[in-house]
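# Descriptive analysis of the structure
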Amino acid sequence: DVKVTQSSRYLVKRTGEKVFLECVQDMDHENMFWYRQDPGLGLRLIYFSYDVKMKEKGDIPEGYSVSREKKERFSLILESASTNQTSMYLCASSLVAQETQYFGPGTRLLVL
Amino acid sequence: RKEVEQDPGPFNVPEGATVAFNCTYSNSASQSFFWYRQDCRKEPKLLMSVYSSGNEDGRFTAQLNRASQYISLLIRDSKLSDSATYLCVVNKVKAAGNKLTFGGGTRVLVKP
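If you're wondering where the values come from, they're calculated on a predicted model, not measured in any experiment.

Residue and element names in this part refer to chain A. Within the element layout of this structure, Arg68 appears in strand β7 (residues 64-70). No salt bridge is formed by the buried Arg68. Its closest oppositely charged neighbour is Glu30, at 5.9 Å. In terms of polar contacts, Arg68 uses its side chain to reach the backbone carbonyl oxygen of Glu30, at 2.7 Å. Within the structure, Arg68 has its side chain in polar contact with the backbone oxygen of Lys71 (distance 2.7 Å). With sequence-adjacent residues up to four places away left out, Arg68 is seen in contact with Gln25, His29, Glu30, Asn31, Met32, Ser49, Tyr50, Asp51, Val52, Lys53, Arg73 and Phe74.

Below is the structure:
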């Protein structure tokens, strides 16, 4: 079975802090994704990566950056957390970009 | 117009009944379609892919109507465990690479 893990289930941070969310997958997938999920807005793509050191902006990249130094690991960085970044963050991976995505359990981030 | 639209529900369904709901998509060039299931406070998981000819997986039937640009999901003999949010997912064809676009989800509540 594909396993996607995220470093934290719950995080509480203060406005202005730098926040790192880590995601690791164990299936040698080329593609990895970061989404945020908010009530009424569904899942929105922040960034994705189709190879090591490659990244592409999703639909809402503002305020975020990413890092993919190793194939299995995709990090989401909030350079200066703001209250409007309070959300559920979901990482996913897939073998082929437009096919089945496997999700991690999510990180609930609260920015105070 | 949203790229992928779903009735948010909730659809209140008596146990054993049949429920069906649709999802409309705006990009006629979309090629891949999926239904994901998301339980409360959990990550989305693939329920089934949707093929042009329609497909069935046990009590679940998915249909694609390209002419009217919608996909549907039908659940027969509903079980209490079918209570979840069902996410419609469509691939987003774009020059820079294909991505998946998620609908906001349709909530289904199966009651005894």
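In this section: the pattern of salt bridges. A side chain with one charge may pair with a side chain of the opposite charge, provided their charged atoms come close. A complete count under the given rule lists 11 salt bridges over all chains for this structure. A salt bridge links Arg44 of chain A to Asp38 of chain A, with the nearest nitrogen and oxygen atoms 2.9 Å apart.

Turning our eyes to something else, we now look at the sheet that holds strand β1 (residues 4-6) of chain B. Residue and element names in this part refer to chain B. An order of β1-β3-β8-β7-β6 is seen for the 5 strands of this open sheet, with the pairing classed as antiparallel. The open sheet has two free edges, formed respectively by β1 and β6 (55-57), since each of these has just one partner strand. With strand direction ignored, the average angle separating the axes of adjacent strands in the sheet is 20 degrees. In this sheet, strand β7 (residues 60-65) lies alongside β6 in antiparallel orientation, the contact comprising 3 bridges. By the bridge assignment, Asp57 is partnered in β7 with Phe60.

The predicted model of chain B has a mean per-residue pLDDT of 91, with 94% of residues at 70 or higher. Ranking the elements of chain B by mean pLDDT puts strand β10 (residues 99-102) of chain B last, at 85, and strand β11 (residues 106-111) of chain B first, at 98.

Turning our eyes to something else, we now look at the packing of aromatic side chains. Using the criterion set out here, one finds 13 aromatic pairs over all chains in the structure. With 5.8 Å between their ring centres and 80 degrees between their planes, Phe103 of chain A and Phe102 of chain B make a pair best called edge-to-face. Separated into two different chains, Phe103 of chain A in strand β10 (residues 102-103) and Phe102 of chain B in strand β10 make up a pair that spans both. Of the two residues, Phe103 of chain A and Phe102 of chain B, neither departs from the other in class, the shared state being buried. The rings of Phe33, Tyr35, Phe48 and Phe103 of chain A together with Phe34, Tyr36 and Phe102 of chain B are connected pair by pair, giving a single aromatic cluster.

Attention shifts here to the pairing of strand β3 (residues 19-25) of chain B. Residues and elements named next belong to chain B. Burial along β3 is one-sided: the face carrying Val19, Phe21, Cys23 and Tyr25 is buried and the face carrying Ala20, Asn22 and Thr24 is not. Looking at chain direction, β1 and β3 are connected through 3 bridges and run antiparallel. Across the sheet, Glu5 pairs through a bridge with Thr24, a residue of β3. Bridging between β3 and strand β8 (residues 70-75) involves 6 bridges; their strand directions are antiparallel. Counted as the bridge partner of Ala20 is Leu74 from β8.

Definitions and limits used
- Residues numbered from 1 in each chain as written.
- Chains lettered and ligands numbered in written order.
- Predicted model: local features only at pLDDT ≥ 70, side-chain atom pairs only at ≥ 80, totals over all residues.
- Heavy atoms only, no water.
- Helix = DSSP H or I, 4+ residues; strand = E, 2+ residues; numbered from the N terminus.
- Buried < 20%, exposed > 50% of the residue type's maximum accessible area, 1.4 Å probe, protein only.
- Lys, Arg positive; Asp, Glu negative; His and termini not counted.
- Salt bridge = Lys/Arg side-chain N within 4 Å of Asp/Glu carboxyl O.
- Polar contact = N/O pair within 3.5 Å; in protein donor to acceptor, adjacent residues only side chain to side chain.
- Contact = heavy atoms within 4.5 Å.
- Pairing = 2+ DSSP bridges.
- Axes fitted to C-alpha atoms, helices over the stretch in contact; angles between N-to-C directions.
- pLDDT = per-residue confidence, 0-100.
- Phe/Tyr/Trp six-rings, centres within 6.5 Å; stacked < 30°, edge-to-face > 60°.

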